[in-house]
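Single-letter residue listing:
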Amino acid sequence: MLALTWLTPFAGALLAGIVLPPLLALWFLKLRRRPRIVASTLLWTRSLADLRANAPFQRLRPSVLLFLQLLLIALIAVAIAQPESTGVVDSGGRYVLLIDRSASMLATESIDGASKTRLDIAKHAAIDRVHELLGGGFFAPRAGDVMVVAFASRAEVRAPFTDSVADLEKAIQSITPTDEETRLGEALEVARAFSTNVDPDRPDRTVAAPARLELYSDGRFADLAQLTLRPMESLVYRKVGSAKDNVGIVALAAERPADRPDDVQVFAALVNMNLEPVSVSVQLALDGQARAITPEPIAIPAASLGGAGGTEFRPGSAQVIFRPIAQPRDVVIEASLLRKDALASDDTAFAVVPPSKRLRVLLVNSEGFVLASALDALPVERVDRITGADFDALLASQAPVSYDLVVLNNYAPKFLPQGRYLIFGAAPPLPELNVYGTQKDVWCRVMREESPLLRSASLDELYVGSAIATRPSKAWEIVAEGADAPLVLTYDAGDTHAVYVTYDILESNWPFQRSFLNFVANAVDSLGHAGEAITAQGVRPGDAIALRIPAGSRQARVTGPAGIDATPKVDSDGNLLWGPVLRAGLYDISFLENDRTEPSTRRVAANLYSAAESHIEPVAEIRLGVDAVSAAAVTAERRSSVWPWILGLGLLILILEWWVYQRQVRV
Amino acid sequence: MSTAKQSLARLDDLIDGRLMAKLDQLDVVSRKIFSGKLHGERRSKRRGQSVEFADFRPYAAGDDLRFVDWNIYGRLDRLFLKMFLEEEDLSLVIAIDASASMRTGEPDSFDYARKLAMALGYVGLSNQHRVSMLAFNEHGVERISNLRGRRKSSELASWLLRLKPEGGSGFDAAMKTAALSRLGRGVMIVVSDFLLREGYERGLGMVAGRGFDLFALQVLSPQQVDPTREGGVSGDLKLVDSESLGETEVTVTPALLSSYKARLDGWTGGLRQWCARRAVTHLVVESSLPVETLMLEYLRRRGLVR
């Protein structure tokens, strides 16, 4: 079915309404000459002949009628040229409209008292552009084809090359916002892939000129530095929006203090993108209930321009630490900025905190009280002690080890199953450790002080009488080493996490040093919680949610912000995958376990956490390699054709001309 | 310009008593003295039967014996005839254009022409002149001849009231008829608009050379003189010629009006010059001018009446 597009129906109707009645009147009044009987037409015909005899050339006399007629013709000529109120109408060729739908495009712009998101403005402008290129109107040659690509961190072709205005409009309207970061590279690649015609015989040459690219965006691209325009390629950057006021949360973390595992402590990092300092209050809500608010607004310093030439933008930043809140259960923490700005997506952040967990530790070969008493001093649920033989028996029974951490005190079992181990002395049966002897009289020479194991645990004073000499492969990471061999190593492979101290602590002066206790505490804490963050791992917009749920679970379902309700994929092992996550917010993943009727729920937080997207001020010029592309501003106002109005004006002038003419002939 | 007009119906419409009283004092003047057929109140060059002695001449066979001067015969024994200055009548011929073009204008040119003819005829009749009238158009010439005496006024008026203007002018043919008619010699007045496609020269030439003391009264309506007057033309018009019914589309502009006026001036000026060269008196008369004013002032000033 033929889709008709009316470019200016209102103007057309108005024009018809204004012009037709006078036109009819003119026709009646002017073209129908009244008959009049006169005595003789002799003198009249001769007078007419006199007048005509002067034609075609005579001295040009100033005449209002002549002026009006010239003006009328000029206006008609201008109207036929189809001027538009903004921009330049061009046509022909192929166009790719690249529409940015990243997080910053959700910034709101105030236009004529109404607020619209940049994405809405961009869609509006793109639809207008489609009408310009394909809408036709009088005398307008149609452009070739138009393609629509929506992109954020990934690009999607919303409409392949087509000249159907209806299809393109539908495709543009269907573009939904995301909270992803902006990456232009993939969008360019997609556009090029669709628009470049390569001669099969000369693959280095394109058959036709590449399509013209038109970019509707605010111009903040994370990958801009790696992009260049190819030869013959042209890019028009249509800048969308002008707002720049924004303060955002770029990090939210929650921690259960080691000494108070039933409490939750929340940290938030804020950025200020304005060039003046701002103060903002932050509200903390637990499971949707407001629980705390900063006693005084947090002052965030102004953003500054630094670097070479003052081009590097440095946002002002501030950290907020809330008082610990008693919360032994799992909880969803929501931090919100109590300040209105242009971008709302980064004013709220979520964190999912699992229930407090206390470690169960198994100490194998508890000979020697030093290690046992050090473990007893830690805030763990319990420390069980068994002998090496019992441990071997336990391993042999293949019963699952129900401890969070196993400490091997100078005991080497025949094999180690997956698990978490803190090993002192005897070399464990872990791969690629390559034991080659012993070392005597070792001082710690090198240590990685940034390692969490060595937090407040300096080994400068450590002396080891005898240590096992190893030459580990790269699977091992050396934390501290003596002159010839490592002293402390870590091993992380799959679900096996181990910290290996290559000497018996009784062979060293370590028990007398404060660093020993700190090291043990660090190691237990690190290993005991290895693989699980204090807050459950969140996702970033653009990522997928991947969870392991009990195998055989049914009816898995994902619900999230902006009305998201979807069915994720779950394989037979219980690996759940859904994505990509497009919007920031809290996602509930519910499923029915095998033997349950009540659904279980897991929660995943997706947060923007992007200073780049929080920096919403549109860029005036983007540089692709050596090409600088200046912005052509896009407003929310519909780009309207001017020619109907010019034509209308011309008709008014025609009526005026007729009136003047009548006045003159009536004498 | 209305075509449905209240036409003249009675003698009083043509001439009223008050005007008659004023016209009684006037007489038609000829710049030439013609010999008339009847004894009129006018001195003729012809010697005849009046009481005023002029001369003697010898008797010739066949002379009326009543005019023989017997006293001279007794004294000289020769027959002489007494010759007297004869008082002759004047022949007044009025030719009226009865073509359709005269039936236009406000006031109507034809009605005006009839009123004028009636007034002149009345003066002629009152002064015992021999009054004849012709009305001409393309259908031919209608005439009434040799009226004399005031009592013929009503007959003349009836004839005028019966006239109907229609068709073309037939000017040349009418003038030819007038020239060849035995109307006698005298004063001839041609009343017309003289807007003749075929031209006036030939027609007028026929009567101008026949011894008539000729007057050309060109009657034009005010709208013909100035089309911008009320009832004139304006705007986009289809002008229809009243005689030929030919159509001319015009858009009345100042330029056209100015050209029209120049053309009209040229036409009347040409007629005036033509007349002047042939001792014909030409007078342009607007039909809005009262007949009384015309008779008592204009024509008296131009020497037609006294």
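Treat the numbers as computed from the prediction; the structure is a model and nothing was measured.

Residue and element names in this part refer to chain B. Where helix α4 (residues 109-126) meets helix α10 (residues 291-302), the axes come as close as 10 Å, and the angle between the chain directions of the two elements is 55°. The pairing of α4 with α10 is recorded here as oblique in orientation. The two elements α4 and α10 cross, and the hand of that crossing is right-handed. Between α4 and α10, the contacting residues are Tyr112, Lys115, Leu116, Ala119, Leu120 and Val123 on the first element and Val291, Leu294, Met295 and Leu299 on the second.

Okay, the nonpolar core next. Generally speaking, a soluble globular protein has its nonpolar side chains buried in company with each other. Residue and element names in this part refer to chain B. Residues Leu120, Met133, Leu160, Ile189, Met295 and Leu299 are the most contacted members of the largest nonpolar core, which totals 52 residues. Sort the elements by how many residues they give to this core and α4 lands first, with eleven residues. Once residues lying within four places of it in the same chain are set aside, the contact partners of Met295 are Leu23, Leu26, Leu116, Ala119, Leu120, Val123, Arg300 and Val305. By size, the runner-up hydrophobic cluster in this structure holds 42 residues, among which are Met188, Phe194, Cys275 and Val280.

Once that is clear, we can look at the packing of helix α6 (residues 171-180) of chain B against helix α7 (residues 201-208) of chain B. All names here are of chain B. At a closest axis distance of 8 Å, the pairing of α6 and α7 adopts a crossing angle of 5°. By the angle class used here, α6 and α7 are roughly parallel. Two secondary-structure elements touch here, α6 through Phe171, Asp172, Met175, Lys176, Ala178 and Ala179 and α7 through Arg202, Gly203, Leu204, Met206 and Val207. Of the residues contributing to the contact of α6 with α7, the split by class is seven nonpolar, one polar and three charged.

Quick look at the sheet that holds strand β8 (residues 213-220) of chain B now. Residue and element names in this part refer to chain B. Pairing in this open sheet of six strands is mixed, and the strands run β6-β5-β4-β7-β8-β11 from one edge to the other. The sheet is open, and its two edges are formed by β6 (140-147) and β11 (281-286), each paired on a single side. Here the strands of the sheet are splayed against their neighbours by 15° on average, with no regard to which way each runs. Those strands touched by helix α5 (residues 153-162) are β4 (91-97), β5 (130-137) and β6, and its axis lies near 175° from that of β6. Against the sheet, α10 engages β8 and β11, with an angle of about 155° to β11.

This next bit is on helix α9 (residues 254-277) of chain B. All names here are of chain B. Between the first and last C-alpha of α9 there are 34 Å, a value that for 24 residues agrees with the 34 Å anticipated at 1.5 Å per step. Among all positions of α9, only Leu256, Leu257, Ser259, Tyr260, Leu264, Trp267, Thr268, Gly269, Leu271, Trp274 and Cys275 are buried. Following α9 by one or two positions, Ala279 has its phi on the positive side, about 55°.

Once that is clear, we can look at the sheet that holds strand β39 (residues 600-606) of chain A. Residue and element names in this part refer to chain A. The strand order across the open sheet formed by four strands is β35-β34-β38-β39, and the pairing between neighbours is antiparallel. For this open sheet the edge positions go to β35 (564-566) and β39, each flanked by a neighbour on one side alone. Between one strand axis and the next, the sheet turns by 15° as a mean value, whatever way the strands run. Across four bridges, strand β34 (residues 554-560) lies against strand β38 (residues 585-592) in antiparallel orientation. Residue pairing for β38: Val558 is matched across the bridge by Ile589.

Our focus in this paragraph is the interface of chain B and chain A. Across the contact, 38 residues belong to chain B and 25 residues belong to chain A. Overall, the association of chain B and chain A removes approximately 3200 Å² of surface from exposure, summing both partners, and the carbon and sulfur fraction of that is 63%. At the junction of chain B and chain A, the tally comes to 14 residue pairs in polar contact (both at pLDDT 80 or more). At the level of elements, β9 (236-241), β10 (247-251) and α9 of chain B are the ones that each hand at least two residues to the side of chain B that touches chain A. At nine residues, α9(B) tops the list of elements feeding residues into the side of chain B that touches chain A. In terms of residue class, the side of chain B that touches chain A is made up of 17 nonpolar, 14 polar and seven charged.

What follows deals with the pairing of strand β37 (residues 575-578) of chain A. Residue and element names in this part refer to chain A. With burial as the criterion, only one face of β37 is covered, namely that bearing Leu576 and Trp578; the residues Asn575 and Leu577 on the opposite face remain uncovered. Strand direction decides the pairing type here: strand β36 (residues 569-570) and β37, joined by two bridges, are antiparallel. Within β37, the residue paired with Val570 across the bridge is Leu576. Connecting the antiparallel pair β36 and β37 is a turn made up of four residues, with Gly574 showing a positive phi of about 90°.

All right, on to the environment of Ala426(A) then. Residue and element names in this part refer to chain A. Assignment of secondary structure puts Ala426 in the loop between β26 (420-424) and β27 (435-443). Linking Ala426 and Asp504, residues 78 residues apart in sequence, is a C-alpha distance of 7.5 Å. Once residues within four sequence positions are removed from consideration, Ala426 is found in contact with Asn410, Tyr411, Ala412, Ile468 and Tyr500.

Our focus in this paragraph is the confidence of the model for chain A. All names here are of chain A. Across chain A, pLDDT averages 81, with 84% of residues at or above 70. Contacts of residues 1-5 to residues separated by more than four positions or lying in other chains number three contacts, the stretch itself having pLDDT below 50. Counting interchain partners and residues more than four positions distant, the pLDDT-below-50 stretch residues 635-639 has 17 contacts.

So, on to the pattern of salt bridges. Counted according to the given criterion, the structure contains 33 salt bridges over all chains. A salt bridge links Arg118(A) to Glu109(A); its shortest N-O distance comes to 2.8 Å. Of the two residues, Arg118(A) and Glu109(A), neither departs from the other in class, the shared state being buried. For Arg129(A), the salt bridge identified is with Glu214(A), shortest N-O distance 2.9 Å. Separated by 85 residues along the polypeptide, Arg129(A) in helix α4 (residues 118-134) and Glu214(A) in strand β9 (residues 212-217) bring together distant segments of the chain. Glu214(A) shares its class with Arg129(A); the two are buried. Salt bridges here are not isolated pairs; linked through shared partners, they connect Arg103(B), Asp108(B), Asp111(B) and Arg114(B).

A word on the environment of Val442(A). Residue and element names in this part refer to chain A. The topology assignment puts Val442 in strand β27. For Val442, a relative accessible area of 4% puts it in the buried group. For the pair Val442 and Ala467, spaced 25 residues apart in the sequence, the C-alpha separation amounts to 7.6 Å. Dropping the residues within four chain positions of it, Val442 is found in contact with Leu462, Tyr463, Val464, Gly482, Ala483 and Leu487.

Scanning the model with the defined rule gives 14 aromatic pairs over all chains in all. Note on Trp510(A) and Phe516(A): the rings are 5.3 Å apart at their centroids and 65° apart in plane angle, and the pair reads as edge-to-face. For Trp510(A), a relative accessible area of 0% translates into the label buried. When the ring of Tyr200(B) is compared with that of Trp267(B), the centres are 5.9 Å apart and the planes differ by 90°; the resulting orientation is edge-to-face.

Each neighbour pair has its own omega, and for Gly579(A) with Pro580(A) the value is -5°, a cis peptide bond. Following the sequence through the fold, Pro580(A) ends up in the loop between β37 and β38. Put simply, Glu106(B) and Pro107(B) share a cis peptide bond, and its omega is 5°. The residue Asp287(A) is not glycine, and still its phi comes out positive at about 50°. Tracing the sequence through the fold places Asp287(A) in the loop between β14 (282-286) and β15 (289-293). The exposure class of Asp287(A) is partly exposed, given its relative accessible area of 36%. Of note in this structure, Ser456(A) is not a glycine but carries a positive phi near 55°. Within the secondary structure, Ser456(A) is located in the loop between β28 (446-447) and β29 (463-470).

Attention shifts here to the confidence of the model for chain B. Residues and elements named next belong to chain B. In the predicted model, chain B carries a mean pLDDT of 83, and the fraction of residues at 70 or more is 87%. A low-confidence stretch, residues 35-40 stays under pLDDT 50, and its non-local contacts, those more than four residues away or across chains, total 24 contacts. Contacts of residues 43-50 to residues separated by more than four positions or lying in other chains number 36 contacts, the stretch itself having pLDDT below 50.

Each value, and the rule that gives it
Residues numbered from 1 in each chain as written. Chains lettered and ligands numbered in written order. Predicted model: local features only at pLDDT ≥ 70, side-chain atom pairs only at ≥ 80, totals over all residues. Heavy atoms only, no water. Axes fitted to C-alpha atoms, helices over the stretch in contact; angles between N-to-C directions. Helix = DSSP H or I, 4+ residues; strand = E, 2+ residues; numbered from the N terminus. Parallel < 35°, antiparallel > 145°, perpendicular 65-115°, else oblique. Left-handed = near helix turned anticlockwise from the far one by under 90°. Contact = heavy atoms within 4.5 Å. Core = buried A, V, L, I, M, F, W, Y, C linked by side-chain atoms within 4.5 Å. Buried < 20%, exposed > 50% of the residue type's maximum accessible area, 1.4 Å probe, protein only. Nonpolar A, V, L, I, M, F, W, Y, C, P; charged D, E, K, R; others polar. Pairing = 2+ DSSP bridges. Expected span 1.5 Å × (residues − 1). Buried area = accessible area lost by both parts, 1.4 Å probe. Polar contact = N/O pair within 3.5 Å; in protein donor to acceptor, adjacent residues only side chain to side chain. pLDDT = per-residue confidence, 0-100. Salt bridge = Lys/Arg side-chain N within 4 Å of Asp/Glu carboxyl O. Phe/Tyr/Trp six-rings, centres within 6.5 Å; stacked < 30°, edge-to-face > 60°.

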